[in-house]
Amino acid sequence: MPDSRELLSKISDVSTDTEYFSPMPAGYKKGKCRYVIVMGTVMSGLGKGIFSSCLAKLMQDKGLKVAPIKLEGYLNIDSGTLNPFRHGEVFVLDDGMETDMDLGTYERMLDQNLSKANFSTSGQIYNSVLAKERHGDYLGRDVQMIPHVTGEVKLKLRNLAIDSDADIVFVEIGGTVGDLENAFYIEAMRELAYEEGPGSCCFVGLTYIMEPKTLGEQKSKAAQLGIKMLMQTGIQPDIIACRAENPVSQTARQKISVFSNVPFERVFSMHDSASIYTIPSMLRDCGLDFEVLRLLKIEDRINLRKERKEWARWCDFTDKITKKTRDITIGITGKYTSVRDSYASIINALEHAGIWLGAKVNIKWIDTTRLTDSNVTEELKDVSGIIVPGGFGTRGTEGKIACARYARENDLPYLGICLGFQVAVIEFARNVCGLKDANSTEIDPNCANGVIDILPEQKKIEGLGGNMRLGGRDIEVKSGTIAFELFGKKNMVRMRFRHRYEVDPGYIEQFEKAGLVFSGKAPDYPIMQIFELPEHPYFIGTQAHPCLTSRPLDPQPMFVGLVAAAMKLHFRESDLPDAINIAQKICS
Ligand code: GLN
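On a predicted model such as this, the values are computed, not experimentally measured, just so you know. (Residues numbered from 1 in each chain as written. Predicted model: local features only at pLDDT ≥ 70, side-chain atom pairs only at ≥ 80, totals over all residues. Heavy atoms only, no water.)

Trainee: How should I be thinking about the environment of Ala 438 in this particular structure?
Mentor: Within the element layout of this structure, Ala 438 appears in strand β14 (residues 438-440). Ala 438 has contacts with Ile 426, Ala 429, Arg 430, Asn 449 and Val 451, leaving out every residue within four places of it along the chain. (Helix = DSSP H or I, 4+ residues; strand = E, 2+ residues; numbered from the N terminus. Contact = heavy atoms within 4.5 Å.)

Following this line, the structure appears as structure tokens:
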């Protein structure tokens, strides 16, 4: 009789005469790729993605190939239809996949573009199981959560392992242990560890240590119960990361260690820190990176010389975080002003730019629903620059238009992102070109001057009617413009898009005659993608979302330009070079 593992490895696909079902992609070599699986207990929002991306970064620095994947429990096929107020921002990948904000954390931390292979939802998993069922792929079997749905999850991970050629796949499971909707993912991970064999998987349980103000001490009971629930699924955690406000005490970590069978040195305090970019060094300082390498038995794959170089580069960057001396305030207008997660990438891009310029960027959130030309001065008097970010629908748009007008007329640095680009064009049309009724047809479908519109020829270009333009696109940058200088004199740059409406090409000539410069456009199509006002200290907008591609070691030039211009305005120092010079120096 062959033993169960041997039998399993022989089964490359479906079989009707055995209980073993685990579809293996062709070419998959067991043992080549290891898996780090990160799950949360006690509550969601603990920063599983942050932990996972920081650990992945430490492994990447050592010369290992890493590939993250987020497994979401919800049934939506992607994050495109999710309200950012409930779920944080929709992060768009270069291939157009609309994902969760955690993918942004991975891209930034790993300085790596991800794709739809790095993101899955329950909806996607069920969708492909049901498609296979209709196709007759299950050969008469009753299709079950185990083994078919869990098999689909493992297939997804193994496909990622093959396609990315990764040494380690980092699997982050959305939600918390105990949720009904992610239970099959957790079961799939248990099966994966069983099939791949000892040393193949490292399980990390994130948990939360409470510190009630009234007691003044850290309490680990909820964490213990959460971990117990994880162990009940048949998974023994290898590492426990304790989230807490303050460093987790030795006694609390000892309790967790005893309770969870996890050695004390692998119970890690992941307390709040001022910047997520200092967390890799927290992990490194307590040796967690080497603990994981030992657990996965891949110490022999690392390149220590590469690590020294990468780490020195990273420390140069993090040193600047602590040396930020000047404070600067940038206003951000937006509907979802109470939920910072809806603007995660913008906040990050501002942080990147600020760190490079030695400034701590404070954000003032501006609710535009009550703003008009008459009260906008009061609201903007204490900011040194303003961002009008992307958005959908009509609420607060007139307030945003008032902000664009104030910034243009008062030399206040302005960065318009997507909707922020559109409102600045509307404002320019109304108040400079005299088209009083200019608007976007998204806001007023019947307006006489729909300067922002869904255009028939664009519908043809996209081939999908009024559907969203999504994902990375090249932008042709006009020589001699501010944008051209900002991007280090490049004529072609790439940014990511997520929009339906655009500048109606019929108005371009009129706008340009009045002084607006369209410095970036789609190659071969009259789709305007960047504008600027040459006479203004810094007034620029883009139909793209430049924040999505800002990276800590490679800050996005349009943000660097904004912060530099704001600093120049705020500190009024004659020796501070202008935004373009600074941005160019940093981004070249
Ligand atoms: N609502 C606008 C459009 O669809 C802007 C979109 C956005 O800001 N992401 O074009």
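Trainee: Looking at this structure, I do not really get the state of the cysteines. What am I missing?
Mentor: By definition, a disulfide links two cysteine residues through a covalent bond between their sulfur atoms. What the rule picks out here adds up to 0 disulfides. Left without a disulfide partner, Cys 33 is nearest to the cysteine sulfur of Cys 201, which lies 9.0 Å away. In this model Cys 403 remains outside any disulfide bridge; the closest cysteine sulfur is found in Cys 418, 17 Å from its own. (Disulfide = S-S within 2.5 Å.)

Trainee: Explain helix α15 (residues 397-409) here, please?
Mentor: The end-to-end C-alpha distance of α15 is 18 Å, a good match for the 18 Å that 13 residues give at a rise of 1.5 Å each. Counting buried positions along α15 gives 10 out of 13 residues, so the element sits mostly inside the fold. The complete set of buried residues in α15 reads Thr 397, Gly 399, Lys 400, Ile 401, Ala 402, Cys 403, Ala 404, Tyr 406, Ala 407 and Arg 408. As for α15, its buried residues are in contact with β10 (326-333), α14 (376-380), β12 (385-388), β13 (414-417), α16 (419-431) and β21 (539-542). Two residues or fewer past α15, Asp 411 is found with a positive phi of approximately 55 degrees. (Expected span 1.5 Å × (residues − 1). Buried < 20%, exposed > 50% of the residue type's maximum accessible area, 1.4 Å probe, protein only.)

Trainee: Would you take a moment to explain the sheet that holds strand β6 (residues 168-173) for this structure?
Mentor: Whether parallel or antiparallel, the strands of a sheet pair through hydrogen bonds between backbone atoms. Read across the open sheet, the 7 strands follow the order β5-β2-β6-β1-β7-β8-β9; overall the sheet is parallel. The open sheet has two free edges, formed respectively by β5 (119-121) and β9 (267-271), since each of these has just one partner strand. With strand direction ignored, the average angle separating the axes of adjacent strands in the sheet is 20 degrees. As defined by bridge partners, strand β1 (residues 34-40) adjoins β6 across 5 bridges and the pair is classed as parallel. (Pairing = 2+ DSSP bridges. Axes fitted to C-alpha atoms, helices over the stretch in contact; angles between N-to-C directions.)

Trainee: Whenever I open this one, unusual backbone geometry confuses me. Can you help?
Mentor: Where the residue is not glycine, phi is negative for most of them; where a peptide bond is considered, it is trans in most cases. That bond from Ile 146 to Pro 147 is cis: its omega, 15 degrees, falls within 30 degrees of zero. Position of Pro 147 among the secondary structure elements: in helix α6 (residues 145-164). The backbone of Val 42 sits at a positive phi, close to 70 degrees, despite the residue not being glycine. Examined against the element boundaries, Val 42 turns out to sit in the loop between β1 and α2 (48-61). With a relative accessible area of 31%, Val 42 lands in the partly exposed category. Even without being a glycine, Cys 418 presents a positive backbone phi close to 55 degrees. Considering the arrangement of structural elements, one finds Cys 418 in the loop between β13 and α16. For Cys 418, a relative accessible area of 5% corresponds to the buried category.

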